[in-house]
Amino acid sequence: MALDLETREQLIDMVRRFVAERLRPIEAKVAEDDAVPAEVVEEMKGLGLFGLSIPEEFGGLGLNMEEECLVGIELGRASPAFRSVFGTNVGIGSQGLVMFGTDDQKAKWLPGIASGEIVTSFALTEPEAGSDSGAVQTRATRDGDDYVLNGGKRFITNAGKASLFTVMARTNPDAKGGSGVSAFLVPRDLPGLEVSKPEKKMGQQGAHIHDVTFDNVRVPAWNRLGEEGEGFKVAMQVLDRGRLHISAVCVGVAERLIADCVAYASERKQFGAPLASFQMVQAMIADSKTEALAARALVLETARLRDTGAGVTLEAAAAKLFASEMVGRVADRAVQIFGGAGYVADYGIERLYRDVRIFRIYEGASEIQKLVIARETLKRGG
Ligand SMILES: Cc1cc2nc3c(=O)[nH]c(=O)nc-3n(C[C@H](O)[C@H](O)[C@H](O)COP(=O)(O)OP(=O)(O)OC[C@H]3O[C@@H](n4cnc5c(N)ncnc54)[C@H](O)[C@@H]3O)c2cc1C
């Protein structure tokens, strides 16, 4: 159920203030340390950020998609690494359980996910199964009341801190593609599950990805999410949602960058006048603003459509494609408007330029979004 407008405004205002007062001032230090301070993580828990999308009956805020996107836009105004701390709990790490879990599975894990006591990860990608995610080779072999998992995942966000993984594994080796894949809720402490040290990345320092390996990990059949062979369906529905959430964050980063550009271009003078008075600089600001507005409209309209119960595979892919490409262009123009300062670390623009690059790759690269959009458009006949 949607929040009343006043409560919604209060929530957004609270997140906006937290971002401005607590997160923005420590962005550079978090990037340098490659870590978000523990006390800030505790504050995130206190504000309910880990449980934004978890139903209220399990202790979450139970936001609908439009509300979650409005919060996502606010979160995008600080380094996206902060959002990543709880991003898997809000999105890909929890929503399979919310959408496909049994009542008992939900009762067991959702309250801890909502409070942040349990950190979750979503483990789909493998060395040989990236864009072709239906090609997962991690095996889940039925043995009595258990499944035995063997294989490896890579680039798994928050795996280092996760105590619960949603893992896609092949239960039917004879079935081609996604149809032989099932989803499992796998606790971190099961023997045989190993998490590697974090990868060094281009951006979003403070957010971490790891390899996860399964060596004869015995998972009770009770932990299967949905029916056997339904794993790919779980993954795709989780990603439809996740793509919208990411698109909202892209809008937030773009709006923040535009505000930074306006402030800088108004202050900095060349040829005896502020940069903002030069029409070629104004054109860059106009292009960025127009594209950010278009992305905002597309993201929120798609979120509202999803909230009606409609399928939004096409629209969510279009939002992810447009918003992630848009924020890349906005960040590039921001570097240009800042000139040399845009290239220098102290101003923070080059950091955001690096941070946003991943949005065009994860949760389906731009090329994959185009495949989805074309497939769905052809299916719909226009
Ligand atoms: C920071 C980060 C966080 C991540 N978090 C997670 C996570 O939490 N869980 C998880 O499961 N995964 C995660 N991933 C993995 C991510 O989803 C994949 O990297 C992504 O889906 C792309 O897969 P790939 O890297 O194997 O690239 P590839 O599939 O090898 O693709 C390489 C390039 O080829 C293009 N390409 C591939 N196939 C086609 C085609 N048919 N037509 C046209 N072009 C094509 C792609 O678009 C891309 O440009 C994360 C990755 C990173 C870097």
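Here the structure is a predicted model, which is why all the values come from computation and not from measurement.

Overview of the domain arrangement of the chain
Here the chain is described as being made up of domain 1 (5-115), domain 2 (120-229) and domain 3 (233-380). A C-alpha centroid distance of 30 Å is found between domain 2 and domain 3. Taken together, the contact between domain 2 and domain 3 spans 11 residues of the former and 12 residues of the latter. Overall, the association of domain 2 and domain 3 removes approximately 840 Å² of surface from exposure, summing both partners, and the carbon and sulfur fraction of that is 68%. Considering only the surface of domain 2 that becomes buried against domain 3, Phe122, Met202 and Gln204 emerge as the three largest contributors, covering 53% of it. Where domain 2 packs against domain 3, one counts zero salt bridges.

Brief notes about the side chain of Asn158
Its location among the elements puts Asn158 in the loop between β3 (146-157) and β4 (164-170). The exposure class assigned to Asn158 is buried, which follows from its relative accessible area of 9%. In this structure the side chain of Asn158 is engaged in a polar contact, spanning 2.8 Å, whose partner is the side chain of Thr88. Those residues in contact with Asn158 that lie beyond four places of it in its chain are Ser84, Val85, Thr88, Val119, Thr120, Ser121 and His208.

A closer look at the site of the ligand
Neighbouring residues of the ligand: 18 residues in total, closest Phe122, Thr125, Ser131, Thr157 and Glu367. Between a nitrogen atom of the ligand and a main-chain N or O atom of Phe155, the distance comes to 3.0 Å. Each residue belonging to the shell around the ligand can be placed in one class, and the counts come to 12 nonpolar, four polar and two charged. Formed jointly, the shell around the ligand draws a minimum of three residues from each of two domains, domain 2 (120-229) and domain 3 (233-380).

Here we look at the state of the cysteines
Disulfides are covalent bonds that link the sulfur atoms of two cysteine residues. All told, the structure shown has zero disulfides when counted by the stated rule. Left unpaired, Cys250 is separated from the closest cysteine sulfur, that of Cys69, by 11 Å. You can see Cys261 has no disulfide; the closest cysteine sulfur is in Cys250, sitting 16 Å from it.

Definitions and cut-offs
- Within every chain, residues take consecutive numbers counted from 1 along the sequence as written.
- Per-residue local features are limited, in this predicted model, to residues with pLDDT of at least 70; the limit for side-chain atom pairs, both in listing and counting, is 80 or more; totals at the level of whole chains, interfaces and linings are taken over all residues.
- Only hydrogens and water are removed before side-chain values are computed, so all heavy atoms of the structure are retained for them.
- Domain ranges listed in this record stem from an automatic or a database domain assignment.
- Only heavy atoms enter the contact rule, under which two residues are in contact if any of them lie within 4.5 Å.
- Buried surface area refers to the total accessible area, computed with a probe of radius 1.4 Å, that the two partners give up upon joining, counted for both partners together.
- A pair is scored as a salt bridge if a Lys or Arg side-chain nitrogen falls within 4 Å of a carboxyl oxygen belonging to Asp or Glu.
- Secondary structure elements are defined from DSSP: runs of H or I of at least 4 residues count as helices, runs of E of at least 2 residues count as strands, and each element is numbered from the N terminus.
- Exposed residues in this analysis have more than 50% of their type's maximum accessible area, buried residues have under 20%, and partly exposed residues fall in between, with area computed by a 1.4 Å probe over protein chains only.
- We define a polar contact as two N or O atoms separated by no more than 3.5 Å, with the added condition that, inside protein, one atom must be a possible hydrogen donor and the other a possible acceptor, whereas residues neighbouring each other in sequence contribute only through side-chain atom pairs.
- A molecule or strand has a residue near it when one of that residue's heavy atoms lies within 4 Å.
- We call Asp, Glu, Lys and Arg charged. Ala, Val, Leu, Ile, Met, Phe, Trp, Tyr, Cys and Pro are nonpolar, and the rest, Gly among them, are polar.
- Disulfide assignment relies on a single distance test, namely cysteine sulfur atoms paired within 2.5 Å.

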